[in-house]
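These are the residues of each chain, in order.
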Amino acid sequence: MGTLPSYDELPRRAGLPASWGVWGPDGSDVFGCLNLLTPERVVAAARLVQRGAVFALNWKMRLPDPPLFDRQPFTHEVTGGPGSTSHDDVLHGWNTQSSSQWDGFRHIRNHAALADEPGTGHYGAVPDDEHGMHHWARRGIVGRAVLADVGRWRAAVGRPLQYDRPDPIEPDELAACLAAQGTELHEGDVLLVRTGWLGWYEQQPADVRARLAQTEHLVSPGLRSGEHLAEVLWNLHIAAIGCDNPAVEVWPPGALSSPEHEAEVRADRRRLHEIFTHTLLLPMLGLPLGEMWDLEALADDCAADGRYECLFTSAPLHLEAGVASPPNALAIK
């Protein structure tokens, strides 16, 4: 993994490793790790298409139902009557993060950076309203993607993930899963991580879904939070990560910590990354996070043919200053 500094070599901002300045002066870079998706890497990724098999990674817009994290369901109005020549769609109360999503750089700030650095604590000291999904939409997101089917791998080694509890995936298990698949990750790849949570959720009855929609009761497996997760993901030098669970990380934050440690962190928001690594990954490292992506059909196909790499495309919403977007992502083999 060649061209970038290691995690330990990154400059410190607000006392934390940060990629601010790696791709441009402070206040100018709105792409972070997406800068790794160079034209040369796009051309190489296009050569991966062999069969023309296309896998759409967006989940149904109305799932999860009810929405998680206290987000509200939208209503779908179709304009015009029975005799109208045309109809339009109108979505009332739609939240761009209610289903499959990219977390953009306006989504999460780092409170240490907010206190100690210029700007509003968002990535690269870019002013809050100058970040936005429109930058990613204008550029488009295209490259090589690699699937780490952690759900299948954990089951194969006798430690199946528990979907109704905060079951941690150790960051170092990503490498073990890829090795078991015979898959090599390259700099600039998009890493797709399947836990199997989404498929499990679809099988749950209405009462279980309703309970999960209450934030105080939401639990899910995911990557173990903490600075080691940030170190591992950065040192992979990936362009982005997309997962099928609600938060990439195990949920809820702090579930794997002692009550004393969690209380200390929540009392000092400079330390929030110790239990919620979003606050390092997005605002300090510039690593886009994808959540609740439908990886089931892709994973089945990869398991069948033994190829865990593909051409990946994503066209986020061209929403000025947008916080997040459905990925509108495709995997093509």
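These lines cover the structure that appears in this document, whether it is placed above or below. The residue count restarts for each chain, going from 1 along the sequence in the order it is written. At least 70 in pLDDT is required for a residue's local features to be given in this predicted model, at least 80 for side-chain atom pairs to be given and counted, and no such filter applies to totals for whole chains, interfaces and linings, which use all residues. Each side-chain value is worked out from all heavy atoms of the structure, with water and hydrogens disregarded.

Topic: the overall build of the chain
Consideration 1: Helix and strand counts for the chain stand at eleven helices and 15 strands.
Consideration 2: As defined in this context, the radius of gyration uses C-alpha atoms, and a globule is described by 2.2 Å times the residue total to the power 0.38. A compact globule built from 333 residues would reach a C-alpha radius of gyration of about 20 Å, and the chain, at 20 Å, matches this within 12%.
Consideration 3: Considering the chain as a whole, with its 333 residues, one finds that 54% of them fall into the buried category.
Consideration 4: In this description, contact between two residues means that some pair of their heavy atoms is separated by no more than 4.5 Å. Within the chain, contacts between residues separated by at least 24 positions form 78% of all contacts whose residues are at least 6 apart in sequence.
Consideration 5: Summed over its atoms, the accessible surface of the chain is roughly 13700 Å², and 52% of this surface lies on carbon and sulfur atoms.
Consideration 6: Side chains of the chain give 27 positive and 45 negative charges; the mean places of these two sets differ by 2 Å. Runs of E in the DSSP output that reach at least two residues are strands. Runs of H or I that reach at least four are helices, and both are numbered from the N terminus. Three exposure classes are used, based on accessible area relative to the maximum for each residue type with a 1.4 Å probe and protein chains only: buried under 20%, partly exposed in between, and exposed over 50%. Per-residue and other accessible areas were derived by the Shrake-Rupley procedure at a 1.4 Å probe size, with only the shown protein chains allowed to occlude residues. Charged residues are defined here as Lys and Arg on the positive side and Asp and Glu on the negative side; His and the ends of the chain fall outside this count. Where a charge lies is defined by one atom per residue type: Lys uses NZ, Arg uses CZ, Asp uses CG and Glu uses CD.

Observations regarding unusual backbone geometry
Consideration 1: For the bond from leucine 63 to proline 64, the omega torsion is 0°, close enough to zero to count as cis.
Consideration 2: For proline 64, the location among the structural elements is in the loop between strand 3 (54-56) and strand 4 (75-78).
Consideration 3: Look at the link from aspartate 65 to proline 66: it is a cis peptide, with omega at 0°.
Consideration 4: Along the chain, proline 66 falls in the loop between strand 3 and strand 4.
Consideration 5: Residues other than glycine seldom take positive phi values, yet valine 248 does so here, at roughly 65°.
Consideration 6: Along the chain, the position of valine 248 falls in the loop between strand 11 (240-243) and helix 9 (259-267).

Remarks on the pattern of salt bridges
Consideration 1: Salt bridges are counted wherever a side-chain nitrogen of Lys or Arg sits within 4 Å of a carboxyl oxygen of Asp or Glu. Under the definition given, this model contains 24 salt bridges.
Consideration 2: Between aspartate 164 and arginine 165 there is a salt bridge, and its shortest N-O distance comes to 3.7 Å.
Consideration 3: Look at aspartate 164 and you get partly exposed, because its relative accessible area is 48%.
Consideration 4: Connected through shared salt-bridge partners, Asp149, Arg152, Arg194, Glu296 and Asp300 make up one network.

Considering the side chain of serine 225
Consideration 1: Checked against the element boundaries, serine 225 lands in the loop between strand 10 (222-223) and helix 8 (227-236).
Consideration 2: A distance of 2.5 Å separates polar atoms of two side chains, one belonging to serine 225 and the other to glutamate 249.
Consideration 3: Those residues in contact with serine 225, other than ones at most four positions away along the chain, are Glu249, Val250, Glu274, Ile275, Phe276 and Thr277. Pairs of N or O atoms are called polar contacts if they sit within 3.5 Å, as long as, within protein, a hydrogen donor faces a hydrogen acceptor (for residues adjacent in sequence, only side-chain-to-side-chain pairs).

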